[in-house]
Amino acid sequence: MKSLTDKQRIDYPILAITLFSVLYNCILAYINHNITPLSVSHVVLCEGMMMLSSVGYLLKKGIYEEDLPIFLYLIFTLVITIYITVLNRVPFIDQFRNVLIIVAFAGIGSWASERTVKLAFRIGCFFVLLFLVCEIVSTPFYVSLFHPGQYFENTRGIKQASFNNTGLFANALGFEGRFSFGLINHRSSSIFLEQVSLANFCGVIVIYLLSFWPKLGRIDKALFVSTVALILLTNDTRTMLIFSCISIIGYFAFPKIPKAFDLILMPLIILIGFFVHFMKPEEVGDNFTGRVGVTIKKMLDLDFQAILGLDIARIGEFADSGYVYLIYGSTIFGLIMFWLFVCLYPAGTTPAQRRCAHSLSLFIFLNMMIGGTAIFSIKIAGLLWLLIGYMRVSEKPRAARTQPANVDGSRVPG
């Protein structure tokens with residue numbers, strides 16, 4: 001009975017932190033447009049609250065041997081951050097912040113119950129679908145709620161383009177000739193207010209479906225599948241369309257593939273990228289092969305200073321090239337550690353765990369070929385790493401185990 005109770009309990013602090021990570025941007029946007037103007041400090045404050053709350057929760061639970069991988073990774077990143085800051089004489093904490101998000105949410109995910117994870121995904125997906133439908137049916141009403149263009153100008157310093165009179169984030173407008181199903185006249189954004197995070201949210205939901213499909217009821221399956229389908233039809237995301245199609249096959253194939261295969265996935269994707277680039281060396285436009293070509297060209301331009309993280313001033317040039325961005329921001333050793341962490345941290349014992357592990361590696365390493373920092377956004381990374389942390393211990397929930405003993409042999413509470 002204890003195991004059943006642990007699965008069914010709701011961890012309200014974990015649920016609140018995770019849902020806020022998904023929803024906080026649209027909440028701030030509503031306040032910014034309808035109540036009072038905000039600035040970047042309000043965004044930083046919200047992210048800081050989530051990080052402090054997550055770390056506080058973990059410290060209250062205590063640090064155990066099974067937590068060492070995430071904390072050692074955080075310590076390694078801290079050392080790299082200090083190294084880069086000292087040698088470049090410029091404070092640069094972006095990669096430490098990115099890894100802190102991973103550590104915090106993977107950590108609380110490892111303490112979450114199955115019901116908590118399901119609720120976080122169900123509620124988050126419901127709001128994404130609700131405002132996605134709102135955006136499709138009446139874009140003016142959607143803009144009146146959030147006014148994304150104004151929000152990103154106030155909080156990120158991204159000026160609204162003169163040609164953009166829609167109120168949407170300018171990058172969501174697309175352009176003539178871009179891949180599209182043509183259902184709406186812009187790339188959908190929903191509660192994320194910009195198109196890239198919505199596309200990546202689609203990928204996170206696909207990973208969740210692969211991990212939980214047999215445990216989901218018909219209503220949940222309908223909610224998640226319809227959300228994924230509607231995002232793919234309105235967001236014009238080529239990468240997530242490819243990822244979703246592979247994942248359908250992967251549901252049956254991934255359990256048969258050893259987890260160690262993930263270690264060759266990143267080199268394989270990079271190798272395919274080089275092949276695509278050399279087949280079409282002049283392709284640099286905003287299409288799939290063009291984005292791959294841009295990343296490969298930037299990788300070929302890497303020099304010794306960049307590999308050792310000694311040219312941090314140029315990192316802003318690589319926001320759309322994940323592998324290059326990671327090298328500039330954390331050295332070649334930072335990229336190697338990230339690769340090893342993504343491949344080795346998830347569990348891979350059961351079919352569900354292998355589906356989760358393989359789809360995570362494919363999602364991240366494919367994304368890094370055509371994008372940069374988006375996979376580290378707390379709007380997406382929070383929910384994703386909560387799932388990874390939970391799946392790592394899903395067969396032996398931590399809260400259901402015997403607590404560690406004191407020196408005198410008595411048991412201590414969690």
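- As annotated in an unreviewed UniProt entry, the chain carries the name Polysaccharide biosynthesis protein and is attributed to Rhizobium mayense.

### A short note on the overall build of the chain
Now for step 1: Helix and strand content of the chain: 17 helices and 0 strands.
Now for step 2: Its C-alpha radius of gyration of 21 Å places the chain within 12% of the 22 Å reference for a compact globule of 414 residues.
Now for step 3: Each principal axis of the C-alpha distribution contributes one length, and for the chain these read about 70 × 50 × 45 Å.
Now for step 4: Classification of the 414 residues of the chain by burial places 53% in the buried group.
Now for step 5: Across the chain, contacts joining residues at least 24 apart in sequence account for 76% of those joining residues at least 6 apart.
Now for step 6: Side-chain charges in the chain split into 33 positive and 25 negative, and the spacing between the mean points of these groups amounts to 9 Å.

### Here's the deal with the nonpolar core
The nonpolar side chains of a soluble globular protein tend to be buried with one another.
Now for step 1: Tyr323, Ile364, Phe365 and Trp385 are the most contacted members of the largest nonpolar core, which has 126 residues in total.
Now for step 2: Once you skip the residues sitting within four places of it in the chain, Tyr323 turns out to touch Met266, Ile269, Ile270, Thr295, Met299, Leu335, Phe365, Met368 and Met369.

### A look at the packing of helix H9 (residues 195–212) against helix H11 (residues 238–253)
Now for step 1: Interaxial distance between H9 and H11 falls to 10 Å at its minimum, and their mutual angle equals 5°. With respect to their mutual orientation, H9 and H11 come out roughly parallel. Contacts between H9 and H11 involve Ala199, Asn200, Cys202, Gly203, Val206, Ile207 and Leu210 on the former and, on the latter, Met240, Phe243, Ser244, Ser247 and Tyr251.
Now for step 2: Here the residues of the contact of H9 with H11 sort into 8 nonpolar, 4 polar and no charged.

### Overview of empty space enclosed by the protein
Now for step 1: As enumerated under the stated definition, the model contains 5 cavities of 30 Å³ or more in all.
Now for step 2: As a volume, the largest cavity reaches approximately 50 Å³.
Now for step 3: Around the largest cavity, the lining comprises 11 residues; the ones closest to its centre are Ser110, Trp111, Ala112, Pro397 and Arg398.
Now for step 4: A per-class count over the lining of the largest cavity returns 6 nonpolar, 3 polar and 2 charged.
Now for step 5: Its volume calculated, the second largest cavity comes out at about 40 Å³.

### Looking at the packing of aromatic side chains
Now for step 1: In this structure the tally under the stated criterion is 20 aromatic pairs.
Now for step 2: Plain terms: the ring middles of Phe20 and Tyr24 are 6.0 Å apart, the flat faces sit at 50° to each other, and that makes the pair tilted. Here Phe20 pairs with Tyr24, and both are found in helix H2 (residues 12–34), just 4 residues apart, close to one helical turn.
Now for step 3: We classify Phe20 as partly exposed; its relative accessible area is 26%.
Now for step 4: Pairing Tyr208 with Phe224 gives two aromatic rings, centres 5.1 Å apart and planes at 65°, and the pair type is edge-to-face. Placement of the pair is Tyr208 in helix H9 and Phe224 in helix H10 (residues 218–235), with a sequence separation of 16 residues.
Now for step 5: The exposure class of Phe224 is buried, given its relative accessible area of 0%.
Now for step 6: Over the aromatic face of Phe212 sits the side chain of Lys215, whose NZ or CZ is 5.9 Å from the ring centroid.
Now for step 7: When the ring centre of Tyr251 is taken as origin, the NZ or CZ atom of Arg355, which lies over that ring, is 3.9 Å away.

### A word on the pattern of salt bridges
Now for step 1: If you walk through the whole model with that rule in mind, you get 8 salt bridges.
Now for step 2: Between Asp220 and Arg122 there is a salt bridge, and its shortest N-O distance comes to 2.9 Å. Taken as a pair, Asp220 in helix H10 and Arg122 in helix H6 (residues 114–137) lie far apart in primary sequence, 98 residues in all.
Now for step 3: Since its relative accessible area comes to 9%, Asp220 is described here as buried.
Now for step 4: Glu194 is the salt-bridge partner of Lys379, the closest N and O atoms lying 2.8 Å from each other. Of this pair, Lys379 sits in helix H17 (residues 378–392) while Glu194 is found in the loop between helix H8 (148–156) and H9, placing the two residues 185 residues apart along the sequence.
Now for step 5: The class of Glu194 is buried, set by a relative accessible area of 10%.
Now for step 6: Three or more residues are tied together by salt bridges with common partners; here these are Glu114, Lys118 and Lys215.

### Some remarks on the side chain of Arg355
Now for step 1: Residue position: Arg355 is located in helix H16 (residues 351–370).
Now for step 2: For the buried Arg355, no salt bridge is present, and the opposite-charge side chain at shortest range is Glu395, 10 Å distant.
Now for step 3: A polar atom in the side chain of Arg355 sits 2.7 Å from the backbone oxygen of Tyr251.
Now for step 4: Those residues in contact with Arg355 that lie beyond four places of it in its chain are Leu210, Tyr251, Phe254 and Pro255.

### Side note on the confidence of the model for the chain
Now for step 1: Chain-level pLDDT for the chain is 89 on average; 91% of the residues reach the 70-or-more range.
Now for step 2: Here helix H1 (residues 2–8) is the element of the chain with the lowest mean pLDDT, 59, and H6 is the one with the highest, 97.
Now for step 3: Below pLDDT 50 for its whole length, residues 402–414 participates in 17 contacts with residues either more than four positions away or in separate chains.

### Quick word on the packing of H11 against H16
Axis angle and axis distance: for two packed helices, these are the angle between their axes and the distance between the axes, and together they describe the pair.
Now for step 1: Axis separation between H11 and H16 bottoms out at 11 Å; the angle between their running directions is 160°. On the basis of the axis angle, H11 is roughly antiparallel to H16. Crossing geometry of H11 relative to H16 is assigned as right-handed. Contacts between H11 and H16 involve Thr239, Met240, Phe243, Ile246 and Tyr251 from the former and Arg355, Ser359, Leu362, Phe363, Leu366, Asn367 and Ile370 from the latter.

Rules behind the numbers
Residues numbered from 1 in each chain as written. Predicted model: local features only at pLDDT ≥ 70, side-chain atom pairs only at ≥ 80, totals over all residues. Heavy atoms only, no water. Helix = DSSP H or I, 4+ residues; strand = E, 2+ residues; numbered from the N terminus. Rg over C-alpha atoms; globule rule 2.2 N^0.38 Å. Buried < 20%, exposed > 50% of the residue type's maximum accessible area, 1.4 Å probe, protein only. Contact = heavy atoms within 4.5 Å. Lys, Arg positive; Asp, Glu negative; His and termini not counted. Charge placed at Lys NZ, Arg CZ, Asp CG, Glu CD. Core = buried A, V, L, I, M, F, W, Y, C linked by side-chain atoms within 4.5 Å. Axes fitted to C-alpha atoms, helices over the stretch in contact; angles between N-to-C directions. Parallel < 35°, antiparallel > 145°, perpendicular 65-115°, else oblique. Nonpolar A, V, L, I, M, F, W, Y, C, P; charged D, E, K, R; others polar. 1 Å grid on protein atoms, 1.4 Å probe; cavity = no way out; pocket = protein on both sides within 12 Å on 5 of 7 lines; lining within 4 Å. Points joined across faces, edges and corners; volume = space filled by probe spheres on them. Phe/Tyr/Trp six-rings, centres within 6.5 Å; stacked < 30°, edge-to-face > 60°. Lys NZ or Arg CZ within 6 Å of the ring centre and 35° of its normal. Salt bridge = Lys/Arg side-chain N within 4 Å of Asp/Glu carboxyl O. Polar contact = N/O pair within 3.5 Å; in protein donor to acceptor, adjacent residues only side chain to side chain. pLDDT = per-residue confidence, 0-100. Left-handed = near helix turned anticlockwise from the far one by under 90°.

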